[in-house]
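One letter stands for each residue in the lines below.
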Amino acid sequence: MPVALRLDELNPPQREAVTTVDGPVLVLAGAGSGKTRVITYRVAHLLERGVPPEAILAVSFTNKAADEMGERVEKLVGPRIARRLTMSTFHSLGMNLLKAEKKSLGFAFTIYDASDQLGVVRELLRRVSIDDRKFDTKAILFRISGAKNKFLSPEEYQAQAGDHEYDLIAADLYPKYQEALRNFHALDFDDLIVEPVRLLDRDADVRARWQDRFRYVMVDEYQDTNRAQFNLMSHLVRAHNNLCVVGDDDQSIYGWRGAEAGHILEFERHFPGAHVVKLEENYRSTPAILDAANAVISHNAKRHPKRLWTARRPGEKLQMVVADDPEVEARFVAEEIEILCGTRSYKPGDCAVLYRSNIQSKPLEEALRMQRLNYRVVGGQSFFDRKEVKDAIAYLKLALSPRDEISLRRVINYPARGIGATTLDRLAGHARERGITLFDACMHARATSLFDATPQPSGAPIEDVGGKPQQAVTAFCDLIDRGRSLLASKTNLKSAAREFLEAAGLSDDLRGAAASPIQAQRRLENLEGFLESLDRFEQREGRNLSSFLNRLSLQTQDDDAETDKSDVVTLVTLHGAKGLEFPVVFLVGLEEELLPHRRTLYPNGPDVPDANVDLGEERRLMYVGITRAREHLYLTRAANRAFRASARPRTPSRFLDEIPEALYDRRDASAPPPAASPEDADAFARAALEKMLKMTD
DNA sequence: AGTAGAGGCGTTTTT
DNA sequence: CGCCTCTACT
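Below is a summary of the structure that appears in this document.

Thresholds applied
- Within each chain, residues carry numbers counting from 1 in the order of the written sequence.
- The naming scheme follows written order: chains are lettered A onward, ligands numbered 1 onward.
- Restriction of local features to residues with pLDDT of at least 70 applies here, the model being predicted, together with a cutoff of 80 or more for giving and counting side-chain atom pairs; totals for whole chains, interfaces and linings are based on all residues.
- To get the side-chain values, all heavy atoms of the structure are used, and hydrogens and water are removed first.
- By definition, any uninterrupted DSSP run of H or I lasting at least four residues is a helix, any uninterrupted run of E lasting at least two residues is a strand, and each is numbered from the N terminus.
- The cut-offs for exposure are 20% and 50% of the maximum accessible area for each residue type, with area from a 1.4 Å probe on protein chains only; residues under the lower value are buried, those over the upper are exposed, and the others partly exposed.
- Contacts are residue-level and defined by heavy atoms, with any inter-residue pair within 4.5 Å sufficient.
- Accessible surface area values rest on a Shrake-Rupley calculation with a 1.4 Å probe, where residue burial reflects the displayed protein chains alone.
- At least two DSSP bridges between two strands are needed for those strands to be called paired.
- Here an angle of 0 to 180 degrees is reported between the N-to-C directions of two axes, which are lines fitted to C-alpha atoms, with helices fitted over the stretch in contact.
- Working definition: rings of Phe, Tyr and Trp (its six-membered ring) pair if their centres are within 6.5 Å, and the pair is stacked with planes under 30 degrees apart, edge-to-face with planes over 60 apart, and tilted otherwise.
- Distance and angle both matter: a charge sits over a ring if NZ of Lys or CZ of Arg is within 6 Å of the ring centre and within 35 degrees of the ring normal.
- Angles are sorted into four bins: roughly parallel if under 35 degrees, roughly antiparallel if over 145, roughly perpendicular if 65 to 115, and oblique for all others.
- By convention the crossing between two helices is left-handed if the near helix lies anticlockwise of the far one by an angle smaller than a right angle, and right-handed if it lies clockwise.
- Amino acids outside the nonpolar list (Ala, Val, Leu, Ile, Met, Phe, Trp, Tyr, Cys, Pro) and the charged list (Asp, Glu, Lys, Arg) are all regarded as polar, and Gly is one of them.

## A few points about the overall build of chain A
And then number 1: Scanning chain A from N- to C-terminus turns up 31 helices and 17 strands.
And then number 2: Looking at chain A residue by residue over its 697 residues, the buried ones come to 53%.
And then number 3: Taking as baseline every contact in chain A between residues at least 6 positions apart, the subset at least 24 positions apart corresponds to 79%.
And then number 4: Total accessible area computed for chain A in this model is approximately 32600 Å², and 50% of it derives from carbon and sulfur atoms.

## Focus: the pairing of strand E2 (residues 56-60)
And then number 1: Counting buried residues in E2 gives 5 out of 5 residues, a clear majority hidden from the surface.
And then number 2: The two faces of E2 match: Ile56, Ala58 and Ser60 on one face and Leu57 and Val59 on the other face are all buried.
And then number 3: Relative to strand E6 (residues 216-219), E2 runs parallel, the two sharing 4 bridges. From the neighbouring strand, Ile56 faces E6, where its bridge partner is Tyr216.
And then number 4: Bridging between E2 and strand E3 (residues 86-89) involves 4 bridges; their strand directions are parallel.

## Concerning the sheet that holds strand E14 (residues 629-638)
And then number 1: Taking strand neighbours across the sheet as the criterion, the 7 strands line up as E11-E12-E10-E13-E14-E9-E17 in an open arrangement whose pairing is parallel. Strand pairing shows two members of the sheet lacking a second neighbour, strand E11 (375-377) and strand E17 (664-668), which therefore form its edges. For this sheet, the mean inter-axis angle between neighbouring strands, taken without regard to orientation, is 20°.
And then number 2: Note that strand E9 (residues 318-323) and E14 share 5 bridges and pair parallel. Paired with Val322 across the strands is Arg637, a residue of E14.
And then number 3: Helix H17 (residues 326-343) contacts E9, strand E10 (351-355), strand E12 (569-573), strand E13 (582-587), E14 and E17 of the sheet and is inclined by roughly 155° relative to E14.

## Looking at the packing of aromatic side chains
Aromatic rings considered in pairs are described by the distance between their centres and by the relative angle of their planes.
And then number 1: Scanning the model with the defined rule gives 12 aromatic pairs in all.
And then number 2: Measuring from centroid to centroid gives 6.0 Å for Phe530 and Phe548, while their planes differ by 50°, and the two rings are tilted. Of this pair, Phe530 sits in helix H26 (residues 517-541) while Phe548 sits in helix H27 (residues 545-554), and the two are 18 residues apart along the sequence.
And then number 3: The exposure class of Phe530 is buried, given its relative accessible area of 0%.
And then number 4: Take Phe548: its relative accessible area is 4%, and that puts it in the buried class.
And then number 5: Between Phe586 and Tyr634 the ring centres are 4.3 Å apart and the planes differ by 10°, which places this aromatic pair in the stacked class. Highlighted residues: Phe586 in strand E13 and Tyr634 in strand E14, separated in sequence by 48 residues. The same class applies to Phe586 as to Tyr634, namely buried.
And then number 6: Clustering of aromatic rings is evident, with ring pairs tying together Tyr222, Phe230, Phe267 and Phe271.
And then number 7: Between the NZ or CZ atom of Lys387 and the centre of the ring of Tyr414, over which it lies, the distance is 3.8 Å.

## Points about the sheet that holds strand E7 (residues 243-247)
And then number 1: With parallel pairing, the 6 strands of this open sheet are ordered in space as E3-E2-E6-E7-E1-E8. Of all the strands in the sheet, the pair left with one neighbour each is E3 and strand E8 (275-279). Here the average twist between neighbouring strands, direction ignored, is 15°.
And then number 2: Contacts from helix H1 (residues 12-19) reach strand E1 (25-29) and E8, with the element oriented near 145° to E8.

## What about the environment of Thr137?
And then number 1: With respect to the helices, strands and loops of the structure, Thr137 is situated in helix H8 (residues 137-149).
And then number 2: Separated by 13 residues in the primary sequence, Thr137 and Lys150 place their C-alpha atoms 20 Å from one another.

## What to know about the packing of H17 against helix H18 (residues 361-370)
To describe two helices that pack against each other, one gives the angle between their axes and the distance between the axes.
And then number 1: As a packed pair, H17 and H18 sit with axes 8 Å apart at the nearest point and diverge in direction by 45°. By the angle between their directions, the pair H17 and H18 is classed as oblique. H18 is crossed by H17, and the crossing has right-handed handedness. Here Pro326, Glu327, Ala330, Arg331, Val333, Ala334 and Ile337 of H17 come into contact with H18, specifically with Pro363, Leu364, Ala367 and Leu368.
And then number 2: The residue inventory of the contact of H17 with H18, partitioned by class, reads 9 nonpolar, no polar and 2 charged.

## Quick word on the packing of helix H5 (residues 90-100) against helix H13 (residues 227-237)
And then number 1: At their nearest, the axes of H5 and H13 sit 11 Å apart, and the two run at 60° to each other. Comparing the axis directions of H5 and H13 gives the class oblique. The chirality of how H5 crosses H13 is left-handed. In this structure, H5 uses Phe90, His91 and Leu93 to contact H13, whose residues at the interface are Gln229, Leu232 and Leu236.
And then number 2: Each residue belonging to the contact of H5 with H13 can be placed in one class, and the counts come to 4 nonpolar, 2 polar and no charged.

Shape is all these values report; function is a separate question.
Structure representation (structure tokens):
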């Protein structure tokens, strides 16, 4: 250990959480209570006590959280030791476990992301000729995924599923979905958790190896674990129970995705003898903000009781703002940010606007643009989701793994090369008959002329197709062959990939098909950016394309290291805001049917009132929003909001009633800002002038 | 293969 | 209302 750890920098409960190293520990970490600090110090403390770095595992949900953890530990213990620790997401842990044990699994795999998964479901629907795509594929996939995460086999799922139309379809498709993935040598995100658990379950050697490897395990954001993740983790620690979980049941906002808050509520039952530490001192927000947060969340029933407090000075009251409509609300936000940046020493980067659903960002973006404030929208389409990048990835995946039918279907006729639906159907039929993969069927077509020979046994006689499709399929097979040998032979992956994609006609298509030269330029840049990141990977980790592609699948967010967020306003959903903090926060659209959301209020349709709905998760969203603010918190809403064309009067969110009136000032968004002091007005005028000057440059 | 027009839909989405 | 998807036509 390079530096002796300063445990006196911690408050007493934090220190307790850091130094209680053996046996199960539950750290209930309120918002802003120094949670990451506890985890990183705990890791450092373990190392100081002589635990080898290889024996320590820290798991989180997002790459961002994992990276941050890694960076902060590195500051404490130095890069040499930090490198030997395992700090990863659940999914990359699962992936690495499977890779390390690939003999047990039996095959190398590609990872299917959400859009690949949807592709599989869509294909299966077509196959069982469940008449058409009148069904919401997402809803079906959602059910299958839910079943997998709960470890329900297809039979078990069938037994317990409702008889809703979608339940029946999902029950029918679930086994077929799994079979298809195995055929394609693909694993979806859920499999990355579920398969390791199965493996640990059935193979005692593997189990012993991994239990022995990680002797101290930590899990961040424990309130968000689903059953599969819980099982994975408990398998890993069963031998020693040196498990420390950190989380906040009040910030559990992913229940709809299968996260079970019960895990954190019942930790002491799952791990008897658990040591429980509560971190309630908040280092982030002013008392007014915390009082509001405590007031709101105390209306929830099922929770570990706790109350955030702070030693900070009182600070200012919250602002409760009513606007006529969303446009006025948005204009208010933009102008207020302008004022804060003019008269107080805030920068746009200190400000964030939080909303329940993405559609709400639109008027805000317009107002900010009008005010000439820079902003970024968190979430949205990420770099690797862009079509041109996904197409490139599909080509590479296919070259590596020809069984990957989803990638094959994605690119077989893109760019257009004359392999239409008919040809594809014929190929698929041929594949089915012989029980071979779709790609092998393509290869057969190349070798044996599938098209003008024998009539199909079941179908109509084959009309003369004139050999053209066969030529096209042959050319396609040659292309993939060429790609494969390029990737194997060329000196570096980047140039191999570039040549391959060039040969596929991808860049030509980007140039030709774009609506404008600017768009074409942008797409080519995206493609180039992708090749750059491939190159960086090869420099760093060596020539391993499949590792690169697998990692890409797990890296959904833009690594926004390059985007400078210091001077731009952040727009983000309440879900996306978890883990972030800002000096100035605007919570907008605080109205009934937005927060709490209609779909939560009326789960059975808008005309079916339901008095028994549980609004706990919606309230926690409100709580998460409030606790993002350090100094200033604005609670805004619109009195009217258009809903499908017609304007409708809005009721304030019931959560606003839960905030004591003494904590806030009321404002009207259209009224002039409260009288500023002469100095403020002066500073504002100066700032405005400066800005005008800057604009004319 | 590409596109115009109809029709349907409208919450959140760490990996 | 506005977007996205599908369909039917060229």
